[in-house]
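Spelled out from the first residue to the last, the chains are:
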Amino acid sequence: MDDPTRRRSGGRAARQALRLASHAEHVPFLTRKLAPFEVLGEEGLALIEHNADTILEEVGVEFRGDPEALWLLREAGADIDGQRVRFPRGMCRTIVQATAPREFTQYARNEARNVAIGGVHTVFAPNYGSPFVRDLDRGRRYGTLEDFRNLVKLTYASPYLHHSGGTVCEPVDVPVNKRHLDMVYSHIRYSDKPFMGSVTAPERARDTVEMARLTFGADYLEDHTVILSLINANSPLVWDSVMLGAARAYAEANQATLLTPFILAGAMAPVTAAGVCAQTLAEALAGMTFVQLVRPGAPVVLGSFASSMSMQSGAPTFGTPEPALVLYVMAALARRLGVPFRSGGSLCGSKIADAQAAYESAATLQPTVLGGVNFVLHAAGWLEGGLTVGYEKFILDADQCGMMAVFVNGVDMSANGQALDAIRTNEPGTHYLGSAHTLANFETAFYRSDVTDNNSFEQWQEDGSLDAAQRANVIWKKMLAEYEAPPIDAGVDEALLEFIARRKASMPDSEV
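About the criteria used
Residues numbered from 1 in each chain as written. Predicted model: local features only at pLDDT ≥ 70, side-chain atom pairs only at ≥ 80, totals over all residues. Heavy atoms only, no water. Helix = DSSP H or I, 4+ residues; strand = E, 2+ residues; numbered from the N terminus. Rg over C-alpha atoms; globule rule 2.2 N^0.38 Å. Buried < 20%, exposed > 50% of the residue type's maximum accessible area, 1.4 Å probe, protein only. Contact = heavy atoms within 4.5 Å. Areas by Shrake-Rupley, 256 points an atom, 1.4 Å probe, with all protein chains shown as cover. Lys, Arg positive; Asp, Glu negative; His and termini not counted. Charge placed at Lys NZ, Arg CZ, Asp CG, Glu CD. Expected span 1.5 Å × (residues − 1). Pairing = 2+ DSSP bridges. Salt bridge = Lys/Arg side-chain N within 4 Å of Asp/Glu carboxyl O. Core = buried A, V, L, I, M, F, W, Y, C linked by side-chain atoms within 4.5 Å.

### Re the overall build of the protein
Part 1: Looking only at helices and strands, the protein features 18 helices and 20 strands.
Part 2: Since a compact globule built from 512 residues should have a radius of gyration of about 24 Å, the 24 Å found for the protein is in line with a globular shape.
Part 3: With the C-alpha coordinates aligned to their principal axes, the bounding extent of the protein is approximately 75 × 60 × 50 Å.
Part 4: Out of the 512 residues belonging to the protein, those deemed buried represent 55%.
Part 5: Long-range pairs, those at least 24 residues apart, make up 76% of the contacts in the protein between residues at least 6 apart in sequence.
Part 6: Surface accessibility of the protein: about 21,400 Å² in total, with carbon and sulfur atoms responsible for 55%.
Part 7: Taking the average location of the 45 positive side-chain charges in the protein and that of its 60 negative ones, the two points are 2 Å from each other.

### Here we look at helix H2 (residues 42–59)
Part 1: In this model H2 runs 25 Å from its N-terminal to its C-terminal C-alpha over 18 residues, within 8% of the 26 Å that 1.5 Å per residue would give.
Part 2: Residues Leu45, Ile48, Glu49, Ala52, Asp53, Thr54, Ile55 and Leu56 constitute the buried set of H2.

### Here we look at the sheet that holds strand S2 (residues 61–63)
Part 1: With mixed pairing, four strands are arranged side by side in an open sheet as S3-S4-S2-S12. Two strands bound the open sheet, and with one partner strand each, they are strand S3 (79–81) and strand S12 (238–239).
Part 2: Both S3 and strand S4 (residues 84–86) contribute to a ladder of three bridges, which runs antiparallel. In the strand pairing of S4, Asp79 is matched with Arg86.

### Considerations on the pairing of strand S9 (residues 139–142)
Part 1: Two elements, strand S8 (residues 132–135) and S9, share four bridges in a ladder whose sense is antiparallel. Residue pairing in the sheet places Val133 in a bridge with Arg141 of S9.
Part 2: The hairpin turn running from S8 into S9, its antiparallel successor, is three residues long.

### Quick notes on the pattern of salt bridges
Part 1: Counted according to the given criterion, the structure contains 24 salt bridges.
Part 2: With a shortest N-O distance of 4.0 Å, Asp493 and Arg189 are connected by a salt bridge. In this pair, Asp493 sits in helix H18 (residues 490–505) while Arg189 sits in helix H6 (residues 176–190), placing the two residues 304 residues apart along the sequence.
Part 3: By relative accessible area, Arg189 is classed as buried at 19%.
Part 4: The network of salt bridges with shared partners includes Glu42, Glu49, Arg93 and Arg336.

### Quick notes on the nonpolar core
Part 1: Phe63, Phe87, Phe124, Trp239, Met288 and Leu302 are the most contacted members of the largest nonpolar core, which has 134 residues in total.
Part 2: Non-local contacts of Phe124, meaning those with residues more than four positions away in its chain, are made with Leu30, Tyr160, Leu161, His162, His163, Leu365, Val369, Val376, Ala379, Cys401 and Met404.
Part 3: Formed by seven residues, the second largest nonpolar core is a distinct cluster that contains Phe305, Leu347, Cys348 and Leu383.

### A word on unusual backbone geometry
Part 1: Along the chain, Ser235 connects to Pro236 via a cis peptide bond; the corresponding omega equals 10°.
Part 2: Locating Pro236 in the fold gives a position in the loop between strand S11 (227–233) and S12.
Part 3: The residue His378 is not glycine, and still its phi comes out positive at about 65°.
Part 4: By the secondary structure assignment, His378 is in the loop between strand S18 (375–376) and strand S19 (382–383).
Part 5: According to the relative accessible area criterion, His378 is buried, its value standing at 5%.
Part 6: Even without glycine at this site, Glu384 takes up a positive phi of about 55°.
Part 7: For Glu384, the location among the structural elements is in the loop between S19 and strand S20 (388–390).

This is the structure in structure tokens:
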């Protein structure tokens, strides 16, 4: 990071080129020095835990279409009535706490990219699951495999995103039953960061495991977590056979799962924060219990994705205060349970990267960091309530993640941070611009954004009068133009491509 990136010389083209220079190739996952922000005390948290146990005991959770899951739960002591499973009070907590790890490492192809999930760590991953993509040049359109690869490459090149994610967009130009192969391969080939696996069918989860074995070695997975996968409850209070089958495939291979109730408050849970928290905890406990019964010790992450909704239209809303309160409470409940926590992101309902997108995303990302979320899905790119991932929004969000990486370090109380010597030697009424302390710290004193424009009005005009989204448009194009794929063993790559070709040839195209 050279000081000339802010000099006023060299003309418009030179200034643009300097502004687009990357901060660093890689910034490690966040290790928070700030204590997590709490909104409930012991009495309130204990009451929500009690209410979750009441839901599990009296109402129960349906495990649909999976007789093996029902058998496992019955053998563990649950009461089974058809597909309804009721758990004796405290049963789920006891099972999860007995074997689920408090934190774990997800290993990457490049060991320098390994991430710690849990504890005081925060890992940022990009958008997930959007069928549409958007950029300033072509507008909103269905995502393609090219878009998927582009977003994987941008994530790889973004120093403030620590994880490659999973379905960063849906490549709708590839049949549904085959696209998981291309997606997992793209994560492995075009990035060396950790990645997520497919969950849309149990056999697709097993394909992901097999591709990971080809990449890392068959025995490596037995004691190394290399896959993290999103397993969503079908709220309210249902785990279906697709999610259970995918969770089983990963647990059997000792790989990690995010057990996440996806709740639109008022539609899939009560409208109140305390009600949402109790139901979320009950659903997640039931899912984590199942995983621990499949394979004790398989890593699990308690997930919470809760949004409010417009009581006039029924549309989900983001950046509102109620989901932030849910996030803070659920983060505390996960810490009390002793498992990592997933939530948050840069969420918004805006259709484009505008002011609404900015303030709603900021109102989601700040509680994410303050609350102590361990794994952050949707940290970059989310638009339109998740229906769309935006290229420009991706760049703007990643920049905010970079700011959070500085913020979590808290206040520097070292001798250099206290700066007493600088104050002693600087005469009253004299500026600090040329002081030894300023010169020693100027490169790292403040976060430097690649997106914001802090130049004079005249310079901004000379540079084209670009707004933030237009500047982001230039940046993502430059990042893709300069992208270089990480190295991969030629034998591994050949084995992966052969596996993909064989699997695709074994089934007809299908959109199911």
